[in-house]
Amino acid sequence: TFCENRGGITFVPQIMGFDRKIKLNWLEQTAWRASTTDDIKEIRSSIEEYLEKEIKGAVAKRKTTTILFRIWVLVHREHEDMQKRALKMLSNCQLQERIALHWGMTTLAYPFFRDLASICGRLLSLQNEISNKQITRRMAELWGDKETVNTSSYRIVRSLVDWGVLADTEKKGFYKAAPRLPLGEGMQLWLLEALLRSGEVSSVPVEQLFKLPQGFPFALDLHYSKLRQSENFEVHRQSLDLEMVSVREL
């Protein structure tokens with residue numbers, strides 16, 4: 001954990017932090033600006049001007065900018081390599097792959113987001129619809145039964161609807177999964193690496209990697225041999241019928 005000032009912005013890592021609805025087009029704009037310049041002041045000015053049209057109030061705009069910057073601009077030092085690779089891929093991606101980049105960078109930036117995504121994935125593997133009550137109850141078990149947890153959980157869920165990975169149903173407060181988004185081989189490898197780096201365990205069984213609940217919006221169907229061929233993963237046999245995968249240390 002660290003606190004630093006970069007480009008006139010004080011970056012204070014937060015445990016929860018993701019407490020606003022974040023629209024997909026805001027992420028798109030932030031990622032695009034981050035891919036065109038490394039001048040933080042210039043990016044900040046551009047994003048604030050962009051948000052001016054959609055967000056009223058200086059405090060709301062500042063909080064939204066902080067979330068966007070933590071995802072795409074002022075990332076943790078340990079995730080800068082993931083950021084650089086994501087920004088290089090950005091310009092040649094279709095929308096569903098850009099969503100995967102936003103998803104991966106957000107799980108790296110916010111454990112709170114990662115946990116909520118994992119809860120949604122687990123619930124959706126068992127049932128066709130999930131509710132705000134189910135999500136907030138499970139998030140409260142992990143993060144504490146606080147109003148901020150409930151509010152932030154709801155705002156993230158509404159963000160996921162805006163991103164097109166969850167869909168509203170006819171019943172208020174209930175959601176269903178959107179069709180899983182197909183990804184190319186390179187994007188799947190990057191996203192799987194991001195999901196594994198964002199987690200609390202350093203290695204998982206190979207077959208479990210493709211079923212991580214926090215990756216629920218995406219069709220992850222790589223052959224596991226691709227992990228062996230990638231320089232970013234290590235696959236090792238733990239027993240006769242169990243192979244484990246981990247990410248290489250940067």
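Residues numbered from 1 in each chain as written. Predicted model: local features only at pLDDT ≥ 70, side-chain atom pairs only at ≥ 80, totals over all residues. Heavy atoms only, no water.

Draft legend 1. Region of the structure containing the sheet that holds strand β10 (residues 242-247). The antiparallel open sheet is built from three strands, whose spatial order is β7-β10-β9. Of all strands in the sheet, those bounded by a partner on one side alone are β7 (203-205) and β9 (233-239). For this sheet the average axis-to-axis angle between neighbouring strands, irrespective of direction, equals 30°. Inspection of the sheet shows β9 paired to β10 by six bridges, in the antiparallel sense. Looking at the pairing, E234 lines up with S246 of β10. In the packing of helix α9 (residues 185-198) onto the sheet, contacts are made with β7, β9 and β10, and the angle to β10 comes to roughly 90°. (Pairing = 2+ DSSP bridges. Helix = DSSP H or I, 4+ residues; strand = E, 2+ residues; numbered from the N terminus. Axes fitted to C-alpha atoms, helices over the stretch in contact; angles between N-to-C directions. Contact = heavy atoms within 4.5 Å.)

Draft legend 2. Fine view of the packing of helix α1 (residues 24-36) against helix α5 (residues 95-109). Two elements in contact, α1 and α5, have axes separated by 11 Å at closest approach and are oriented at 80°. Taken as axis vectors, α1 and α5 run roughly perpendicular relative to one another. Here α1 contributes L24, L27, E28 and A31 to the contact with α5, which in turn contributes L95, R98, I99 and H102. Looking at the contact of α1 with α5 residue by residue, the classes come out as five nonpolar, one polar and two charged. (Parallel < 35°, antiparallel > 145°, perpendicular 65-115°, else oblique. Nonpolar A, V, L, I, M, F, W, Y, C, P; charged D, E, K, R; others polar.)

Draft legend 3. Summary view of the sheet that holds strand β4 (residues 166-168). Taking strand neighbours across the sheet as the criterion, the three strands line up as β3-β5-β4 in an open arrangement whose pairing is antiparallel. In the strand order of this sheet, the two ends are held by β3 (129-131) and β4, each with one partner. Going across the sheet, the axis of each strand differs from the next one's by a mean of 40°, ignoring polarity. Across three bridges, the pairing between β3 and strand β5 (residues 174-177) is antiparallel. Looking at the pairing, E129 lines up with K176 of β5. Contacts between helix α7 (residues 132-143) and the sheet are confined to β3 and β5, with β3 contributing the most and set at about 60° to the helix.

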